[in-house]
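# Descriptive analysis of the structure
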Amino acid sequence: MTSGFNRRQALVGAALTGTAALGGHPARAAPTGATLAPRPPMGWNSWNSFATTITEAQARETAAIMRDKLLPFGYDVFTVDIQWYEPAASSYEYNADPVPSLDAYGRVIPAPNRFPSSRDGSGFTKLAADIHAMGMKFGIHVMRGIPRLAVKKNLPILGTRYRAADIADPNSVCSWNPDMYGVDMTKPGAQAYYDSIFRLYASWGVDFVKMDDMSRPYDAHAPEIEAAHRAIVNSGRPIVLSLSPGETPVIRGDHVRRHAQMWRISDDFWDEWPMLAAQFTRLENWTPYRRPGAWPDADMLPLGRLALGKRDTKFTPDEQRTLMTLWSIARSPLIMGGDLRHLDAATLALLTNRAVLAVNQASTDNQPHFIADGTRIWSARPEGAPRDRYLALFNTTDTPKEVGIPFRDLGLSGEVAVTDLWSGATLGRQRDRFARTLPAHGAGLYRLTP
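Residues numbered from 1 in each chain as written. Predicted model: local features only at pLDDT ≥ 70, side-chain atom pairs only at ≥ 80, totals over all residues. Heavy atoms only, no water.

An unreviewed UniProt entry lists the chain under the name Alpha-galactosidase, with Sphingomonas endophytica as the source organism.

As structure tokens, then:
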């Protein structure tokens, strides 16, 4: 059995050498003291393609495609997004008066009409086990707080004499989702509630939790962020915690990276150029807080077929390459959002370029360089080759533009051999400076070798 961490190491080696990575099964436990998410997580999430509506049959079909097409390249986290507990979920809109499936202790459980393997009360246990058998990790989305229905019924908090109404804060509500009330962490029983839900997820075999409504306003929700972190530790299972949505304030960088492995730096990211252009500044600002086990998250990759199958991505091919180049050089998690049942050859090639993925998974000293208006430039050092440099050039204008940088700004001098990582082409030896004319909204990614 190969752990998820070791498989990711195999990916990195394969990306650097051009050989195929070997698959394997994720470990059920992490070594004592091991860093969760030592490299940016890679995977798939259901939101961009299924909204609130994904069913077990769709999840299993998609997971099988992911295993065959993406897992060999390191994409190993399969996540069921929002409202898997809502029997009547039907779109990107939320029912005004939801009736989520709950257990006797006020904890959401999979809606049995959508996830029939849960009808025996085992929750996601069977689906998670089958995802694990495919060699992948299983993730779920949850909302901050306690279900409003649990408060209405005043259900008990597992292992305590307290009830839902004792810990709920009805004034702490999500502005866009009606499912939950916040939890008042000053109340007895509050931590016990969070402990109970994460122990439930751990018993199902959950490896990854995307927890929503956590960052706005950040300081008001910080006690529940800390509670979720403690609950994961108390659960005894190594569960990666992903906080959503943004914008997490940069001044809280030290706090968020102590309590989560990844956190959103923007609101929901979709396939519109202004949204992509805005991510450059956000990723630049978060550079000081990026480290193994702590990843600023620029959000899912809205590529391929999207929005309940109604359309394909609006990003042009050049913008798609810019997206993957920026996420890779800035080491944002790579979470595919498009419908894998309609995965086309061009999108698959974009997601599975081993040399590009190595930049995301195996680089250090990732940093922006500020050269000129209408351009963005990043560099990094490849792991194991500190004299080399990765270089990402971006043209953020609406017309073709030359983008370049002097080698001295990268700590290089003399002649340097250049390889185009997207095409694999050798561009010969360059002296003193490297530049390329890029299309509008276009990008290039290169390896420089002295």
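### Regarding the UniProt feature "domain: Alpha galactosidase C-terminal" (unreviewed entry) in the chain
Basically, it comes down to this: UniProt positions are given in the numbering used here, feature names are shortened, and annotations may be inferred rather than shown by experiment. Going along the chain from the N terminus, every DSSP run of H or I of four or more residues is numbered as a helix, and every run of E of two or more is numbered as a strand.
Per the UniProt record, "domain: Alpha galactosidase C-terminal" (unreviewed entry) is annotated on residues 374-448. Annotated as 0% helix and 60% strand, the span residues 374-448 places its first and last C-alpha atoms 23 Å apart.

### Side note on the sheet that holds strand 18 (residues 415-420)
In plain terms, the rule: The pairing criterion is simple: DSSP has to find at least two bridges between the two strands. Fitted lines through C-alpha atoms serve as axes, helices being fitted only where they are in contact, and the angles separating the N-to-C directions of these axes extend from 0 to 180 degrees. Note on definitions: a residue-residue contact is assigned when non-hydrogen atoms from the two residues lie within 4.5 Å.
The sheet built from six strands is open, its strands ordered 14-15-16-21-18-19 with antiparallel pairing. Of all strands in the sheet, those with a lone pairing partner are strand 14 (363-369) and strand 19 (426-431), marking the two edges. This sheet shows a mean twist of 25 degrees between the axes of neighbouring strands, independent of strand direction. Contacts from helix 10 (residues 273-285) reach strand 14, strand 15 (375-382) and strand 16 (389-395) within the one sheet, and its direction differs from that of strand 15 by about 45 degrees. Packing against the sheet, helix 13 (residues 354-361) makes contact with strand 14, strand 16 and strand 21 (443-449), and its axis sits at approximately 90 degrees to strand 14.

### Focus on the domain arrangement of the chain
Many analyses report the size of an interface as the accessible area lost when the parts associate. Keep this limit in mind: Each domain's extent was defined by an automatic or database domain assignment. Accessible-area loss on putting two parts together, using a 1.4 Å probe and summing over both, is the definition of buried area adopted here. The salt bridge criterion pairs a side-chain nitrogen of Lys or Arg with a carboxyl oxygen of Asp or Glu, the two atoms within 4 Å.
Per the domain assignment, the segments of the chain are domain 1 (42-352) and domain 2 (375-449). Here the C-alpha centroids of domain 1 and domain 2 sit 35 Å apart. With 17 residues of domain 1 in contact, the opposing surface of domain 2 contributes 16 residues. Taking both partners together, domain 1 and domain 2 bury about 1500 Å²; carbon and sulfur atoms supply 67% of that area. Taking the shortest distance from any N to any O, the salt bridge between Arg376 and Glu284 comes out at 2.5 Å. Elements represented by at least two residues in the side of domain 1 that touches domain 2 include exactly helix 10 and helix 11 (317-329). When residues in the side of domain 1 that touches domain 2 are grouped by element, the largest group, eight residues, is from helix 11.

### Side note on the environment of Val250
Tracing the backbone through its elements, the reader meets Val250 in the loop between strand 8 (240-243) and helix 9 (253-259). Residues Val250 and His441, 191 residues apart in the sequence, show an inter-C-alpha distance of 26 Å. Those residues in contact with Val250, other than ones at most four positions away along the chain, are Asn285, Trp286 and Tyr289.

### Some thoughts on the packing of aromatic side chains
Here a ring pair, both rings aromatic, is described through the centre-centre distance and the interplanar angle of the planes. Worth spelling out the cut-off: When two rings of Phe, Tyr or Trp (its six-membered ring) have centres within 6.5 Å they constitute a pair, described as stacked for plane angles under 30 degrees, edge-to-face for angles over 60, and tilted for the intermediate range. Working definition: with a 1.4 Å probe on protein chains only, accessible area under 20% of the residue-type maximum means buried, over 50% means exposed, and in between means partly exposed.
Here the structure, examined in full by the defined rule, presents 20 aromatic pairs. Arranged with centres 5.2 Å apart and planes meeting at 45 degrees, the rings of Phe269 and Trp327 form a pair that is tilted. Taken as a pair, Phe269 in the loop between strand 9 (262-264) and helix 10 and Trp327 in helix 11 lie far apart in primary sequence, 58 residues in all. Given the relative accessible area of 0%, Trp327 is considered buried. Ring-pair connections join several aromatic residues into one group, and the members of that group are Trp84, Tyr85, Phe115, Phe124, Phe138, Phe198, Tyr201 and Trp204.

### Structural notes on the packing of helix 7 (residues 190-204) against helix 8 (residues 218-235)
What counts is decided by this rule: We call two directions roughly parallel when the angle between them is under 35 degrees, roughly antiparallel when it is over 145, roughly perpendicular when it lies between 65 and 115, and oblique otherwise. The handedness criterion is simple: a crossing whose near helix is rotated anticlockwise from the far helix by less than a right angle is left-handed, and one whose near helix is rotated clockwise is right-handed. Under the convention adopted here, Pro, Cys and the residues Ala, Val, Leu, Ile, Met, Phe, Trp and Tyr are nonpolar, Asp, Glu, Lys and Arg are charged, and Gly plus all remaining residues are polar.
The N-to-C vectors of helix 7 and helix 8 enclose an angle of 50 degrees; their axes lie 8 Å apart at closest approach. In terms of axis orientation, helix 7 runs oblique to helix 8. In the packing of helix 7 onto helix 8, the handedness of the crossing is right-handed. Mapping the contact onto sequence places Gln191, Tyr194, Asp195, Phe198, Arg199 and Ala202 in helix 7 and Glu224, Ala227, Ala228, Arg230, Ala231, Ile232, Asn234 and Ser235 in helix 8. For the contact of helix 7 with helix 8, the residue count by class is seven nonpolar, three polar and four charged.

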